[in-house]
Amino acid sequence: MSHDVSSTYTLDREGTLVTSLLRYDDLPDEALRQLREAVERHALRYSSGFFPSLITRASGCYVYDDQGREILDFTSGQMSGILGHSHPDVVQTIHRTSEQLIHLFSGFMSPPVAELCRELARLLPDPLNRVLLLSTGAESNEAAIRLAKLYTGGFEVIGLDASWHGMTGAALASTFSAGRKGYGPPMPGTMALPTPYPFRRPDGAGPTYELDMLDAAFETLDRQSVGAYAAVIAEPILSAGGILELPPGYLTKLKRKCEERQMLLILDEAQTGVGRTGDMFAFEHEGVTPDILTLSKTLGAGLPLAATITSDAIEADCHQKGFVFYTTHVSDPLPAAVGLTVLEVIARDRLKENAREQGNHLKQGLIELQKRHECIGDVRGRGLLIGVELVADRESKKPVPELGNRVWRRCFELGLHINIVGFAGMGGIFRIAPPLTVTRESIDLALSILDQAITESLDRFGTAG
Ligand SMILES: Cc1ncc(COP(=O)(O)O)c(C=O)c1O
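Given the structure is predicted, the values throughout are model-derived calculations rather than measurements.

### Some details on helix α11 (residues 333-348)
- Its 16 residues place the ends of α11 22 Å apart at the C-alpha level, agreeing with the 22 Å of an ideal helix rising 1.5 Å per residue.
- Most of α11 sits out of view: 13 of its 16 residues are buried.
- Once α11 ends, the next one or two residues include Arg-350, with phi positive near 50°.

Here you go:
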């Protein structure tokens, strides 16, 4: 029924591609055309749309598309690939482990799972000592919220209003940055806390404005509450919301607010955990240990691996009350083995330190660009999680989503992929987050591409607005 037309793919009699083997970067034009058409006809659009080209290979800081273009990936995949693409140690671990263990009955434990639980507990401060290994960030937050509900007996969950915690039930209910409209009622008891945004502080507000606002916000929340608080969930740096760092003192005060109300503090370090910000965990920066920590994206460095971590006391209480979080891929050995490799490589290659060093270089470079481009309103973030906000001018701070789009498109044409955060009212915000393995040369190249893209976008349209 089919015949080989090359060693890399197979066509049936009508010339339709039926399977692709081994080398995606060696497909002939006709096969690529068919695959692009398959995307157009058969892929369900889960966000605004897809890139027109197919990515056929990824290695280190680069992805390569079907036109043979080399693109610097400064989004680390979907903010997960902190070791770069196809890191040799990860590839080797996948080979080695998959010959022995891939997936098991959910109640079975295995050496890599036991070791990763122990390793995470060793890396984390007391009392974070009990680890549940899952697959996605949303799942890790679902588990955290279920633990908090069972432990406290409450059900009310407070999230920051620029948050992103995932696309499922309770995680989605606490996600305020996007995706809420059109799906009916979210989880009852979900409440929003205004996100600190120092760049857009009201005129005349002092340096403690965001901390002071927390008191006012909790007064409002307390009036709404039916007396059944369970948790506050927060990202230490709100990433999808625009790279908004919680200001100094904020987490300390938030933790105190939680303690006063016997509710738990859940910190979601999907993007900030495992070295990204220059600390192993972003909460260390302020020295506030959460009651429950969730890790995901970065822990698997490209593979689906997540963790929900809490204290012996909370674990024991919930276990005694019959805690259940039983999923198909809970405690799967293959991703756990990859997680161990990720932690090993981070330590061995001093990648946390590299994140700090290259992050400083990147930030400094962006501040230099800011001196030359009036449209760069703000440069913010820590380590290799940096945000750049474009504005019409620094006085009005008027958002310029169109300029953001132009710059983003031009960067892509020139070989740099950075994210733009499309959050209503905030205009063009770039999230710049290369793998922790990034070199100074790659950062300098990215800076020069961004510089050129801004210059050309402004030249072409003559205005930032
Ligand atoms: C902070 C944060 N938490 C949770 C999630 C959800 O993770 P996942 O998409 O793996 O479910 C994301 C995803 O972007 C995130 O940024």
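### Quick word on the site of the ligand
- Taken together, 14 residues lie near the ligand, and Thr-136, Gly-137, Ala-138, Gly-166 and Ala-270 sit nearest.
- Across the shell around the ligand, the residue classes break down as four nonpolar, eight polar and two charged.

### Side note on the environment of Lys-253
- Tracing the backbone through its elements, the reader meets Lys-253 in helix α8 (residues 250-260).
- On the neighbour-count criterion, Lys-253 (18 C-beta atoms within 10 Å) is partly exposed.
- For the pair Lys-253 and Asp-212, spaced 41 residues apart in sequence, the C-alpha to C-alpha distance is 9.9 Å.
- If near-sequence neighbours (up to four positions away) are discounted, Lys-253 is found in contact with Leu-211 and Leu-214.

### Some details on the sheet that holds strand β5 (residues 62-65)
- One open sheet holds the four strands; their spatial order is β4-β5-β6-β18, and the pairing between them is mixed. The two strands at the open ends of the sheet, each matched to only one other strand, are β4 (55-59) and β18 (416-417).

### Digging into the domain arrangement of the protein
- Entries for the protein in the domain assignment read domain 1 (17-80 + 350-465) and domain 2 (91-348).
- On the domain 2 side, the residues contacting the 26 residues of domain 1 number 26 residues.
- Counting residues per element, the ones that place at least two in the side of domain 1 that touches domain 2 are α2 (76-79), α12 (351-372), β16 (376-382), β17 (385-390) and β20 (429-432).
- Residue classes in the side of domain 1 that touches domain 2 are distributed as 11 nonpolar, seven polar and eight charged.

### Quick notes on the nonpolar core
- Ala-148, Ala-231, Ile-266 and Ala-307 are the most contacted members of the largest nonpolar core, which totals 114 residues.
- For this core, the element with the highest residue contribution is α11, accounting for nine residues.
- Composition of this core by domain shows at least three residues from each of domain 1 (17-80 + 350-465) and domain 2 (91-348).
- Ignoring anything within four residues of it in the chain, the contact list for Ala-307 reads Leu-120, Val-131, Leu-132, Leu-133, Leu-134, Ser-140, Thr-294, Leu-295 and Leu-299.

What counts as what
- The residue numbering used here restarts from 1 in each chain and proceeds along that chain's sequence as written.
- Given that the model is predicted, a residue must reach a pLDDT of at least 70 before its local features are reported, and side-chain atom pairs must reach 80 or more before they are shown or counted; all residues, however, enter totals for whole chains, interfaces and linings.
- Under the scheme used here, helices are H or I runs from DSSP no shorter than 4 residues and strands are E runs no shorter than 2 residues, and both carry numbers assigned from the N terminus.
- Expected helix span is given by 1.5 Å per residue-to-residue step, counting one fewer step than there are residues.
- Whether a residue is buried, exposed or partly exposed follows from its count of other C-beta atoms within 10 Å of its own C-beta, namely 20 or more, 12 or fewer, or something in between, respectively; the C-beta atoms are built from the backbone.
- We count a residue as near a molecule or strand when its backbone-placed C-beta atom lies within 6 Å of that partner.
- Charged means Asp, Glu, Lys or Arg here, nonpolar means Ala, Val, Leu, Ile, Met, Phe, Trp, Tyr, Cys or Pro, and polar covers whatever is left, Gly included.
- Note on contacts: residues are paired as contacts if their backbone-placed C-beta atoms lie within 7 Å.
- Following DSSP output, two strands are said to pair if at least two bridges run between them.
- For every domain, the bounds stem from an assignment made automatically or drawn from a database.
- Each nonpolar core reported here comprises buried Ala, Val, Leu, Ile, Met, Phe, Trp, Tyr and Cys residues connected via C-beta atoms within 7 Å.

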